[in-house]
Structure formats: structure tokens, C-alpha cells
Amino acid sequence: MTGRISRRDALAGIGLAVGSAGCAGRARNIAGRESSAQLVLEIRTTPADEDPNGIRIARALAENLDAVGVDARIETMNGTDLRRTVLLNHDFDVYVGQYTEVLPFDPDVLYGLTHSKFTAEAGWQNPFGFTDLDVDELLEEQRAADESDRARIVSELQESMCEKQPFTVVAFPDALAAARTDRFVGWETGPPISATGLLTMDFIDERSGDDGDPVTLRLATADGRISENWNPIAAEYRRYGTFMSMLYDRLAIVDDGATVPWLAREWEWTDPETLEIGLRDSTWHDGEPLTAEDVAFTYEFLRDTSMGGTEMPVPSPQFRGRGSIVESADAVDDSTVRLVVAETDETVAERALQVPILPRHVWIDRAETATVGGFELDTETTEALVTPNEDPVGSGPMRFVESTPGERVVFERNPDHFLVRAGSVDSADAETGEEAETDGDSAESTTGTEEEESIPEPYRGKPEFDRLEVAIVGSDVSAVQWVADGYADGTVSNLGPDSVPRIGRESDARLVSTQSAAFYYVGYNARRAPLSNPRFRGIVASLVDKSTIVDDAFAGYARPATSPLATSPEWVPGNLRWDDDREEDPVHPFRGKDGSLDAEATREALREIGYRFDESGRLLARDQ
Amino acid sequence: MTPLLPVVTSVLFWVAAMCLVAGVAVVGPRRLYGVGENLVPYLRESRREVAALLVVLVVSGIGRPALQSISEVLGLRLTSLIFDLEGNFVAWLQGTFQSPQLTLYFSSVYVFGYAFLLVFPFIAYAALPESTTLKRLIVAYALNYAIGLVLYTVVLAYGPRNVMPDAVTSLLYTFNPEFRTLTAEVNVETNVFPSLHTSLSVTVAAFAALTHGQYPRWTPIAWWIAGSVVVSTMYLGIHWLTDVVFGTALALGCVYLSYRYVDAVEDRDRSAADRNATDQSAADRNTPDQNADDGTVEEPAEGGSA
């Protein structure tokens with residue numbers, strides 16, 4: 001590269017020296033062209049301590065990129081930092097990350113992730129800067145389509161996305177945990193990394209409950225963010241949103257694949273575009289009553305956290321896709337709220353009910369523009385997006401007690417929560433149940449019964465613990481050791497290949513494995529050349545050896561996949577399924593065999609789509 | 001309840017035991033006796049230096065989260081640069097020499113040996129008839145920490161175990177996860193450049209060489225432990241070779257500066273004391289009825305050690 005520059009300088013010099021118009025013009029024509037240099041791609045991911053799997057994927061990809069002549073560099077950064085630079089600032093080439101939903105999700109997730117209308121926004125909404133007319137159209141269609149058509153459209157959408165690779169799905173990891181079963185059981189019923197999984201845990205150690213000490217569920221994690229920040233919409237700080245879902249109720253939750261009423265007692269379609277929702281009797285953790293106003297506020301707030309206070313709306317970096325389903329939300333009375341959705345499939349609309357409901361009286365003050373020491377640095381940020389939300393006020397089954405950053409965080413059971421009430425109704429039911437059912441019109445007795453009916457049985461009277469303590473530890477291996485030594489009941493960290501065998505060696509700890517929908521992926525910044533080129537992304541995707549990565553980085557505790565919807569197989573067309581006979585990606589198969597890359601064939605493929613290499617095999621690129 | 005207490009207890013126990021043994025073997029029972037008498041006056045004499053060390057430690061203890069935030073926003077991200085610079089050296093080191101015995105040895109040295117190495121010189125140098133060496137040591141420690149803190153803020157980098165877990169195992173924490181609870185108290189994972197384990201160990205080793213005359217037995221012990229600590233930081237996958245090289249340079253720089261500083265301070269004190277003594281002797285001469293001979297000789301000597 002230096003050779004070229006000096007030649008260019010020399011030519012320019014000669015051109016000037018000769019001074020003849022024709023010769024100088026020729027020199028300008030040559031020297032005026034930008035020269036090419038080796039393509040540098042930086043891969044960002046979290047360090048091994050925080051997440052043992054992502055860095056291994058990044059390493060494997062970097063090695064293969066290097067082999068085909070790209071200068072691939074890995075930059076590790078902590079989870080907050082990674083999210084900040086990638087999701088908020090869009091300052092990245094390639095990154096390895098994990099999706100945030102643990103439980104299988106509706107295809108409408110892709111709307112938020114890839115619709116081009118979100119490219120300018122900061123947050124989980126299209127961080128890739130992916131813009132594609134066909135994909136946009138399919139995303140719109142699947143929202144509006146009725147059930148029979150939707151499957152076909154979603155299939156088409158996946159085919160289109162798998163071809164264009166806004167991001168490369170690598171694998172769906174098993175949600176692994178080390179757990180003790182001497183005090184709590186039920187680790188397998190829901191992933192312990194999900195709020196529903198934790199809430200339904202059963203306490204079995206009767207003897208320690210008697211001495212008056214609160215029953216405490218103790219967890220260990222290597223992710224310290226929950227001890228620093230409790231803002232449910234701060235994308236930098238949330239991993240799966242497990243603890244936020246325990247602090248903040250949602251109108252509905254997903255239980256065993258079905259949407260069930262939660263903070264909403266029930267809902268009804270009054271016409272194809274209007275959903276009327278009745279709320280349960282509920283109060284915020286600070287004692288204020290929760291009303292329909294709070295719900296209506298939340299939907300408006302997610303769309304624009306400045307509440308109209310800035311020239312351009314400042315949307316929430318989380319829940320944006322879901323929030324966009326709702327066109328307007330109005331309080332009919334204190335406990336009834338009306339959501340207007342555009343022509344939308346019912347299951348898609350139900351997805352809109354799964355956003356955390358925020359207390360208006362706390363968050364309305366956070367609609368102002370964020371300042372640092374009284375100075376406005378950036379008018380596109382509101383206080384709501386940057387507040388750590390100390391002493392979070394939610395309405396959920398757990399409330400915040402205290403925290404020491406980097407060490408631990410403590411929550412306690414909210415005794416006023418409807419789950420607790422449903423539990424007490426349950427026990428009282430034996431005597432008065434029938435009476436309550438026949439006497440349907442009496443308001444006092446119906447609340448209890450209706451709550452009982454609409455709350456799925458496993459949640460009634462839960463949680464069984466009075467306190468929830470989360471200890472922040474150094475790494476996945478430490479978390480396992482805490483469980484083995486009896487300092488914690490279970491881990492809520494991602495476990496890597498070094499920690500899994502350790503569980504087997506410890507007699508008191510068991511390995512719990514549940515399926516997770518939080519897939520690992522390689523994200524590309526389509527705003528930057530050459531990652532803007534879908535053909536180039538396709539070739540990068542074919543450098544990801546998913547089978548080998550699953551064996552090495554996940555010690556086999558993951559399933560390679562092509563479609564982001566692989567945990568909802570009913571949506572995935574046959575030609576996109578990863579079957580074990582084929583052992584390779586159906587769309588962008590790995591360019592090599594048994595873990596070793598065929599670099600020359602990959603270079604040839606790159607040449608075919610218009611890329612050039614210098615004499616030592618380095619991939620050349622312009623304007624980086 | 002956390003596993004921190006048992007770990008701290010065992011470190012304290014082993015360090016105390018090693019100090020006792022080394023105290024008898026290196027310093028000798030008679031000189032060891034002097035420690036009790038000297039320690040308080042010596043520390044009082046070096047109160048400025050002790051204060052400086054404490055300030056640095058407190059700032060690093062309390063201000064670290066804030067400095068860490070600054071580092072995340074403004075720091076230089078050098079992980080990939082360091083990796084480009086040295087490549088797979090640490091992976092090679094670990095891959096070539098890894099064995100359960102060595103892992104046990106280096107883990108113990110990294111935690112117990114290092115703690116002993118840092119504490120013991122205080123005892124040894126407090127047993128010397130002059131406070132100068134102790135003062136130099138304190139200054140050198142303070143400089144190491146202070147410069148280390150600045151570099152940690154300016155440079156944001158992760159160690160080999162975090163960047164190449166497929167090639168470098170985090171041996172210390174994988175086989176002794178309880179140590180993780182201890183090191184998490186005193187360190188942050190992005191603080192790898194330079195290696196303070198290296199710089200402080202090399203500092204102690206350098207002092208051991210410079211005080212070879214007083215403690216001939218300490219020199220080989222200090223060198224052996226310091227050398228082991230330096231290798232352990234890489235063997236255990238915690239630091240890059242680059243961190244170690246810069247840590248060594250930092251140590252030598254700090255030792256040099258501590259000599260320059262303490263000599264300068266003592267020169268100044270001595271000349272101040274001389275001036276006092278001159279005034280005193282002048283005063284003495286004005287009162288000829290006192291026995292002037294004794295006073296003039298003794299006064300400067302006492303002042304010099306102040």
C-alpha cells in the first residue's frame with residue numbers, strides 16, 4: 001500500500017514538473033484515484049468472563065476471515081459498552097451477540113429487527129441498518145395477513161432474509177444452569193433465566209422456613225448490569241430482561257407457548273382493530289394505584305420518550321417493534337384501556353401486550369432532554385433513556401430492596417401482588433368458591449375468582465420465596481462454584497465449555513438444561529461497505545462453521561440454525577430447517593470440510609462477485 | 001454469605017507464616033527484634049510517603065468505578081493491537097508447559113507468593129538501622145500504583161483468557177474459582193495493561209538486589225518468587241507478554257525515581273539539619289560556659305536521620 005502511495009506522489013510530482021497540460025491531466029487522472037488497501041473488519045463481542053460463547057464464535061470467524069485475506073480484528077468490550085456502541089451509536093463493522101428473548105417468539109420479532117423504517121433509530125430496532133424493499137413488504141404483509149396466509153408470508157420472509165443475511169444466525173444455545181435441588185425445585189419447568197421460570201420455582205426445604213428467616217432464593221451471575229441499572233428500556237443494560245419482568249408487570253405473558261392475561265384481567269376485540277383490556281386491581285410499589293392512564297401512557301412513551309417535547313420523537317430502544325403495533329392507547333375508565341391497532345393478526349396484536357407497564361407519575365418527569373451537569377449534550381436523548389432508575393417503582397411480583405454495584409442486588413416479594421392474592425383465594429376457595437361463582441355480580445367476590453381463573457395454576461400464590469438475592473461473580477466458572485459450595489441455589493449466567501464439566505464433578509450441583517430462543521448471531525453493519533453488499537454478507541455467512549462452533553464453543557449444548565425462528569419450528573419452511581443428515585447450512589453452507597476452510601474457493605467466490613486481491617492474497621477494499 | 005472470608009483468612013494465614021519463617025531466616029532474630037522499635041518512628045519519619053501511598057490506594061479503591069466509566073468512554077481500546085503485536089505467545093506458553101503441578105504452583109505463587117513478596121520487605125527494611133530503604137520502598141509502591149491507575153484509565157484492554165478462551169484457559173479461576181472472589185475485589189478485568197503483579201514484584205526484586213549487602217539471603221528468594229509471579233501472570237492466562245514488558249519497565253522506572261526522590265529529600269533534610277546544627281553551634285559558641293565540644297558533634301548526626 002505504501003508503494004502505491006509513493007508511486008502516486010511521484011506521478012503527481014512528475015506531472016507538475018513537466019507542466020504540460022496533457023501530461024498533468026493524465027497524472028491527475030491516475031493520482032486522483034483513491035488507492036485500495038486491505039479490508040479491515042473489526043468484530044466486537046463481550047469478553048469470555050461475561051459470556052464464554054460469543055468470543056469463541058468471534059474467534060472462529062476471525063480466523064476464517066484472515067484466511068481469505070481480510071484483516072479481521074477482535075475487540076472485546078463489556079455488555080453495556082457493546083450495546084452502547086452497536087445498538088445506540090451504530091459504530092461497528094461486525095459484532096457477535098445474543099438475542100434477548102429466552103422463550104420462543106412470534107415471527108413479528110423480525111419486524112423490529114429488520115424493517116428499514118427503524119434504521120435511523122437507536123436501539124434494538126434494526127441495529128444493522130438493513131434496508132430491503134422486499135423484506136419491508138413481507139414484514140408489513142405478515143402483520144396484516146390472516147392466519148392461513150401468514151404462514152406462507154413468514155416462510156417467504158425467512159427465505160428472503162436468509163438469503164440477504166442482515167445478520168447470520170449461528171446457533172440456539174441450551175439455557176444451561178448449575179442448580180442445587182436441596183432448597184428449590186422446578187429449575188427445568190421454565191428456563192431459570194426467564195422470569196416465569198424463576199417465579200414458578202417451588203421451595204421444598206421446610207426446616208429452614210421455620211426459624212423466622214425469610215425464604216431466600218440465591219442466584220449467581222457473571223453479568224453485573226443488574227446491580228447497576230434497573231431501567232427496563234435501557235437497551236445497554238438488559239440481557240434477557242429477566243429481573244425487569246419481575247419488577248414490571250406486562251399486560252400479558254407467554255406461558256407454555258400461549259399468551260395469557262397477566263396485568264390484564266381479560267381482553268376483548270370490540271372490532272377488528274380495537275382491543276379493549278380490563279386491568280386487574282393493582283398498585284405500584286410506592287403505593288400509588290395502577291390505572292388505565294399508566295397503560296395508555298406507556299404505549300405513547302415507548303413511541304416517543306420525550307412525549308412530544310422534542311422536534312423529532314425519541315423512541316425507546318427496547319420494545320419498539322412491539323410498541324409499533326399499537327396505533328393509539330386510551331384510558332376508557334380507571335381499569336379499562338382501549339388499544340387501536342392497524343389491520344393486524346391477533347397473535348401479533350397480543351405481542352403488543354408484552355411490554356412492561358411503567359408508572360406515569362415516575363416517568364413523565366423523565367421525558368425531558370437528558371443533561372450532564374445541567375448541559376444538554378444531545379437533543380436526541382431523554383432522561384428516560386439514560387436514567388439508571390434507582391429505586392425502581394414497578395407493580396410486579398418482586399420489588400427492589402438494595403444493591404451494591406458489582407457485588408449483589410436484592411429483591412423482595414411484593415405482598416400486594418395479584419399472584420399472592422390469587423394464592424390466598426386458592427386456599428379460601430375450598431369454603432367459599434362455589435358461592436363466589438354463582439354470585440357473579442358482587443364486585444368484591446368476583447375479583448378474586450376471576451383473577452384465579454385467568455392466572456395459570458403454576459403462578460397462583462407465587463413466588464414461594466420472600467427474597468431474591470443475585471450475587472455478581474467473576475465468571476461462569478465462579479458462578480458454578482458458588483452453587484457447588486452452597487453460596488447460591490442456581491446460576492443465571494451463560495455457561496461455557498469450561499464450566500459445564502465442573503458441574504459434573506461437584507456432587508451438590510446439577511446441570512439443568514432447557515431450550516432457549518436467545519440465539520447467537522453475527523450482526524453486520526449494512527451502513528458500511530462492503531457489508532452493505534448482501535452478496536458479500538452471504539460469503540461472510542458461509543465462513544461461519546456452525547456445526548464446528550456448536551461442538552467447540554458450546555460443548556454440544558446448542559443447535560446450529562439458519563432461521564431466527566428455529567425454536568418455533570411450525571413457522572420454518574422445510575428448506576430452511578437444519579436437519580442432521582445435511583449437517584450444513586441450507587442457504588450459505590460452510591466453505592470447507594470438517595472445520596477446515598477452503599480459502600482458495602472462497603477467494604474465487606469473492607472474485608466472482610467483484611472483489612479483488614493483491615499479489616499476497618489480501619482482499620482489497622476502498623473507502624472504509 | 002460469600003466465599004470471600006475463607007479465602008482472605010487463608011491468604012492472611014499463609015502470608016503471616018511465610019513472613020515469620022523468612023523473618024527468622026533472612027533478617028535474623030536479633031535484627032527482627034529491632035522491627036518493633038523502629039517501625040513506628042520509621043513510619044513517622046516517612047509520613048509524607050505513607051500518606052501518598054494511602055491516597056493512591058484510597059483513590060484506586062473508591063474512584064475506580066468512576067475511572068472505569070471514563071475509560072470505557074474515552075480510553076484507548078488496545079486489545080486487538082496488543083494481540084497483533086505478540087500473537088499467540090501466551091497460548092504457546094500455556095500450551096507447551098501446562099501441567100497440573102505447574103498450575104498449582106503458579107496459582108499459589110500468584111496469590112500467596114505475591115502477597116508475601118509485597119509484605120515482607122516492610123518487615124525486612126524496618127529492621128535496618130536507617131529508614132531510608134523503607135521510605136524508598138513506600139515511594140516506589142505508591143508510584144507503581146499511581147502510574148498503573150493512570151494507565152488503566154487511559155488504556156482499555158482485556159487479557160488473553162478473555163480474548164482467546166479457546167486457546168488460553170483461565171487456569172487460576174478454572175481450577176481455583178474461589179480466588180476469583182478475592183481478585184474481583186482488587187481488580188477489574190479491563191485492567192491488564194500494564195501488569196501490576198509484574199511491576200510490584202520486579203520492584204521488590206530490584207530492591208532485593210540493591211540491598212544485597214544487608215540481606216544476602218533475601219535476594220535469591222525475592223528473585224525466585226518475583227520471577228515466578230511474572231511467569232504466572234502469563235501462564236495463568238491473565239496477562240499478555242506486552243503487559244509484562246511494560247510492567248517491568250514501570251517497576252525499574254519507579255525504583256529509579258524512588259531513589260532520586262528519597263535522596264533529594266534526605267539531602268534537603270540533611271542540609272536543613274546542618275543549617276540548624278550550624279545555628280546551634282553558633283549559639284553554643286555564644287555561651288562559652290557550656291561544654292561546646294559534645295554538642296557540635298552529636299547534633300547533626302541526629303538531625304541527619306530525621
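Residues numbered from 1 in each chain as written. Chains lettered and ligands numbered in written order. Predicted model: local features only at pLDDT ≥ 70, side-chain atom pairs only at ≥ 80, totals over all residues.

Novice: Tell me about the confidence of the model for chain B, and name the residues and values.
Specialist: Scored by pLDDT, chain B comes out at a mean of 85, with 89% of its residues at no less than 70. Note that pLDDT drops below 50 for residues 288-306 of chain B; the model gives that stretch 21 contacts with residues more than four away or on any other chain. (pLDDT = per-residue confidence, 0-100. Contact = placed C-beta atoms within 7 Å.)

Novice: Now, about the sheet that holds strand β11 (residues 264-271) of chain A: what can you tell me, with residues and values included?
Specialist: Residue and element names in this part refer to chain A. As summarised here, the arrangement of the four strands in space is β11-β12-β14-β13, forming an open sheet in which the pairing is antiparallel. Edge positions in the open sheet fall to β11 and β13 (326-333), since each of these has one partner strand only. The average undirected angle you get between the axes of adjacent strands in this sheet is 20°. Note: strand β12 (residues 274-279) against strand β14 (residues 336-341), five bridges, orientation antiparallel. From the neighbouring strand, Glu 276 faces β14, where its bridge partner is Arg 338. Strands in contact with helix α11 (residues 292-303) are β12, β13 and β14; relative to β13, the strand with the most contacts, it is inclined by about 165°. (Pairing = 2+ DSSP bridges. Helix = DSSP H or I, 4+ residues; strand = E, 2+ residues; numbered from the N terminus. Axes fitted to C-alpha atoms, helices over the stretch in contact; angles between N-to-C directions.)

Novice: Describe in detail the packing of helix α8 (residues 132-154) of chain B against helix α12 (residues 196-210) of chain B, supporting the description with residues and values.
Specialist: All names here are of chain B. Two numbers describe how α8 lies on α12: the axes approach to 10 Å, and their chain directions differ by 160°. Relative to α12, α8 is oriented roughly antiparallel. You can see that α8 and α12 cross each other, and the crossing is right-handed. Residues Leu 137, Ala 140, Tyr 141, Asn 144 and Gly 148 of α8 touch α12, and the partners they reach there are Leu 196, Ser 199, Leu 200, Thr 203 and Phe 207. Across the contact of α8 with α12, the residue classes tally to six nonpolar, four polar and no charged. (Parallel < 35°, antiparallel > 145°, perpendicular 65-115°, else oblique. Left-handed = near helix turned anticlockwise from the far one by under 90°. Nonpolar A, V, L, I, M, F, W, Y, C, P; charged D, E, K, R; others polar.)

Novice: If you had to explain the domain arrangement of chain A to someone new, which residues and values would you point to?
Specialist: Residue and element names in this part refer to chain A. Partitioning chain A into domains gives domain 1 (4-172 + 518-608), domain 2 (249-395) and domain 3 (424-459). A separation of 32 Å is found between the C-alpha centroids of domain 1 and domain 2. At the junction of the two partners, domain 1 supplies 21 residues and domain 2 supplies 14 residues. With three residues, the single largest contributor to the side of domain 1 that touches domain 2 is helix α5 (residues 109-114). Partitioning the side of domain 1 that touches domain 2 into residue classes produces eleven nonpolar, three polar and seven charged. (Domains from an automatic or database assignment.)

Novice: Tell me about the packing of α12(B) against helix α13 (residues 218-235) of chain B, residues and numbers included.
Specialist: Helices that pack against each other are described as a pair by the angle of their axes relative to one another and the distance between those axes. Residues and elements named next belong to chain B. Contact pair α12 / α13: the axes reach a minimum separation of 9 Å and the direction vectors enclose 165°. If you check the angle between α12 and α13, you find them roughly antiparallel. As for how α12 packs across α13, the hand of that crossing is left-handed. Side by side, α12 and α13 meet where His 197, Thr 198, Ser 201, Val 202, Val 204, Ala 205, Ala 208 and Ala 209 of the first sit next to Trp 218, Thr 219, Ala 222, Trp 223, Ala 226, Val 229, Val 230 and Thr 233 of the second. Residue classes in the contact of α12 with α13 are distributed as eleven nonpolar, five polar and no charged.

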